[in-house]
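What follows is the residue order along each chain.
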Amino acid sequence: KFPSPAIQFNPLDLIQKLFIGGFDGIKENLPHIYCGLPALTGCILYFTRKQLLARERIVSAAMLIILLFSFLFAPLDFFWHAMDQPSWFPYRYAFLFTFLLTCFGFEGFLKTENTRNVLSGLLVCLLLFVIAVLTLDEGQLEFSAVNLGFLALYAVLFCLFPNRIRNIYLPLVCLELTVNAMLT
């Protein structure tokens, strides 16, 4: 049965999924789009780079927006599941979104102009984090502490090693993903 054109969840709830501890289960959950704060920060840097052609940024943004709308609107989600109701594991195509965020993130750090740009990216992540915290249920202090700790660590590392950001990108992502797996 083709689903009615309805929004499946509050879009603000999706922001929590970008941070450590955003896992909410396998069945009847939000999309699994966690890929790490370095990837998220780098993705922000990617879209603010002046060297990129506007056309490249538009196409990249369009791919992310199409996937976001696919998460939100039931008919698009139905399409991604081969015109069938998803069974057991919804949003199976979410890996495409995290893959794009990670690729754009690496590209953003690869050609970062200066530390100021990285700190601007971290500030945008901090803003997203504040929105995520405001939409949290009570009793999730661990979520806030761990994410703020990593954001502070990244700010310090990026200030200390502005020219080596791309060299520390992969180890930071691995460290953060390990911590997230242990908390989950």
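That block above? That's the structure.
Residues numbered from 1 in each chain as written. Predicted model: local features only at pLDDT ≥ 70, side-chain atom pairs only at ≥ 80, totals over all residues. Heavy atoms only, no water.

## Digging into the overall build of the chain
Next, step 1: Helix and strand counts for the chain come out as 8 helices and 0 strands.
Next, step 2: Along its sequence from the N terminus, the chain presents helices and strands in the succession α-α-α-α-α-α-α-α.
Next, step 3: Rg of the C-alpha trace for the chain: 17 Å, near the compact-globule value of 16 Å for 184 residues, within the 12% margin.
Next, step 4: Summarising its shape, the C-alpha atoms of the chain cover approximately 55 × 45 × 25 Å along the three principal directions.
Next, step 5: Here the chain holds 184 residues, and 42% of them are scored as buried.
Next, step 6: Pairs at least 24 apart in sequence give 69% of the contacts found in the chain among residues at least 6 apart.
Next, step 7: Taken as a whole, the chain presents about 10300 Å² of accessible surface, with 68% of it coming from carbon and sulfur.
Next, step 8: Side-chain charges of the chain comprise 12 positive and 12 negative groups, with the mean position of each set lying 14 Å from the other. (Helix = DSSP H or I, 4+ residues; strand = E, 2+ residues; numbered from the N terminus. Rg over C-alpha atoms; globule rule 2.2 N^0.38 Å. Buried < 20%, exposed > 50% of the residue type's maximum accessible area, 1.4 Å probe, protein only. Contact = heavy atoms within 4.5 Å. Areas by Shrake-Rupley, 256 points an atom, 1.4 Å probe, with all protein chains shown as cover. Lys, Arg positive; Asp, Glu negative; His and termini not counted. Charge placed at Lys NZ, Arg CZ, Asp CG, Glu CD.)

## Focus: the packing of aromatic side chains
Next, step 1: Applying the stated rule across the entire model yields 12 aromatic pairs.
Next, step 2: Arranged with centres 5.7 Å apart and planes meeting at 70°, the rings of Phe 71 and Phe 97 form a pair that is edge-to-face. Taken together, the residues Phe 71 in helix H3 (residues 54-72) and Phe 97 in helix H5 (residues 94-110) connect sequence positions 26 residues apart. Taken as a pair, Phe 71 and Phe 97 share a single burial class, namely buried.
Next, step 3: Judged by centre distance (6.4 Å) and plane angle (75°), the ring pair of Phe 79 and Trp 80 falls under edge-to-face. (Phe/Tyr/Trp six-rings, centres within 6.5 Å; stacked < 30°, edge-to-face > 60°.)

## Section: helix H7 (residues 141-160)
Next, step 1: The first and last C-alpha atoms of H7 sit 29 Å apart over 20 residues, in line with the 28 Å expected at 1.5 Å per residue.
Next, step 2: Taken together, the buried positions of H7 are Phe 143, Ser 144, Val 146, Asn 147, Phe 150, Leu 151, Tyr 154, Leu 157 and Phe 158. (Expected span 1.5 Å × (residues − 1).)

## Section: the side chain of Lys 17
Next, step 1: Here Lys 17 is to be found in the loop between helix H1 (11-16) and helix H2 (37-48).
Next, step 2: Not counting chain neighbours up to four residues away, the residues in contact with Lys 17 comprise Gly 22, Phe 23, Asp 24, Leu 30, Pro 31, His 32, Ile 33 and Tyr 34.

## Notes on the nonpolar core
For soluble globular proteins, the rule of thumb is that nonpolar side chains tend to be buried together.
Next, step 1: One finds Phe 19, Phe 71 and Phe 158 to be the most contacted residues of the largest nonpolar core, which totals 48 residues.
Next, step 2: Going through the elements one at a time, H1, H2, H3, H5, helix H6 (115-134), H7 and helix H8 (165-183) are the ones with two or more residues in this core. (Core = buried A, V, L, I, M, F, W, Y, C linked by side-chain atoms within 4.5 Å.)

## Quick notes on H3
Next, step 1: With 19 residues, H3 should reach 27 Å at 1.5 Å per residue; the first-to-last C-alpha distance of 26 Å fits that figure.
Next, step 2: Within H3, the full set of buried residues consists of Ser 60, Leu 64, Leu 67, Ser 70, Phe 71 and Leu 72.

## Points about the environment of His 32
Next, step 1: In this fold, His 32 is placed in the loop between H1 and H2.
Next, step 2: Within the structure, the side chain of His 32 is placed 2.7 Å from the side chain of Asn 29, a separation counted as a polar contact. (Polar contact = N/O pair within 3.5 Å; in protein donor to acceptor, adjacent residues only side chain to side chain.)

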